[in-house]
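# Descriptive analysis of the structure
Listed below, chain by chain, are the residues.
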Amino acid sequence: MSGPPEPPGDGRGGAAAAGRDPGLQPARTRLAWRRTTLSCTVAAILAARAALHGGTDTLGVLGAALCFLAWLGFLAVAHRRIRDLALHEARPPVMTRRAAVVAVACSVALAAFAALVV
């Protein structure tokens, strides 16, 4: 007894994978990137406010500047990913390893700098 015939293709869904309907996944992913960018923006602003509240000292300005740089790095990666998802809705390109590492590094750095400032 043999099982049902396999669909034509490369074993990963074949014809079904070629005509893949992503549904709302790209839209949800774009929204997730936007929410994360907004969260990073709020964290950077609050860290800068805490660092500069009550006067400016060298450490506070340095902490605010580092938060701003980490935020800019994340913003660049997020903007590129949002743009890629919008342009290629049917089959968005895979996020590069470099972009993923930069996004994670900027997020961790922003959290660390914000915690040090507060």
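Just so you know, these numbers come straight off a predicted model, no measurement behind them. In this numbering scheme, every chain counts its residues from 1 along its sequence in written order. Only residues with pLDDT of at least 70 are given local features in this predicted model, and only at 80 or more are side-chain atom pairs given and counted; all residues enter the totals for whole chains, interfaces and linings. Excluding hydrogens and water, the side-chain values take into account all heavy atoms of the structure.

Our next topic: the overall build of the protein. Note on conventions: DSSP H or I runs of at least 4 residues are helices, E runs of at least 2 residues are strands, and numbering of each starts at the N terminus. Scanning the protein for helices and strands turns up four helices and zero strands. Reading the helices (α) and strands (β) of the protein from amino to carboxyl end gives α-α-α-α. Only protein chains enter the accessibility calculation, which uses a 1.4 Å probe; a residue whose area is less than 20% of its type maximum is buried, one above 50% is exposed, and one in between is partly exposed. In the protein, buried positions account for 25% of the 118 residues. We call two residues contacting when some pair of their heavy atoms lies within 4.5 Å. The contacts in the protein between residues at least 6 apart in sequence include a share of 75% that link residues at least 24 apart. Only the protein chains shown count as cover for residues, with accessible areas throughout obtained via the Shrake-Rupley method and a probe of 1.4 Å. In the structure as shown, the protein presents an accessible area of about 8400 Å², 66% of it carried by carbon and sulfur atoms.

Turning next to the nonpolar core. Residues Trp33, Cys40, Phe74, Val77, Ala103 and Leu110 are the most contacted members of the largest nonpolar core, which totals 17 residues. Looking at this core, the elements with two or more residues in it are helix 2 (25–52), helix 3 (58–87) and helix 4 (97–117). If you tally residues by element for this core, the top one is helix 3, at eight residues. Once residues within four sequence positions are removed from consideration, Phe74 is found in contact with Trp33, Thr36, Thr37, Cys40, Ala103, Cys106 and Ser107. Put simply, a nonpolar core is a bunch of buried Ala, Val, Leu, Ile, Met, Phe, Trp, Tyr and Cys residues held in one set by side-chain atoms that sit within 4.5 Å of each other.

Let's shift gears to the pattern of salt bridges. Criterion for a salt bridge: a side-chain nitrogen of Lys or Arg within 4 Å of a carboxyl oxygen of Asp or Glu. The full count for this structure, using the stated rule, is one salt bridge. Of the charged contacts in the structure, one is a salt bridge between Arg83 and Asp84, with a shortest N-O distance of 3.8 Å. Take Arg83: its relative accessible area is 40%, and that puts it in the partly exposed class.

This part is about the confidence of the model for the protein. Mean pLDDT over the protein works out to 80, with 81% of the residues at or above the 70 mark. Confidence per residue, as judged by the predictor, is encoded in pLDDT with a range of 0 to 100. Here residues 9–16 scores under 50 on pLDDT; set against residues more than four positions off or in separate chains, the count is four contacts.

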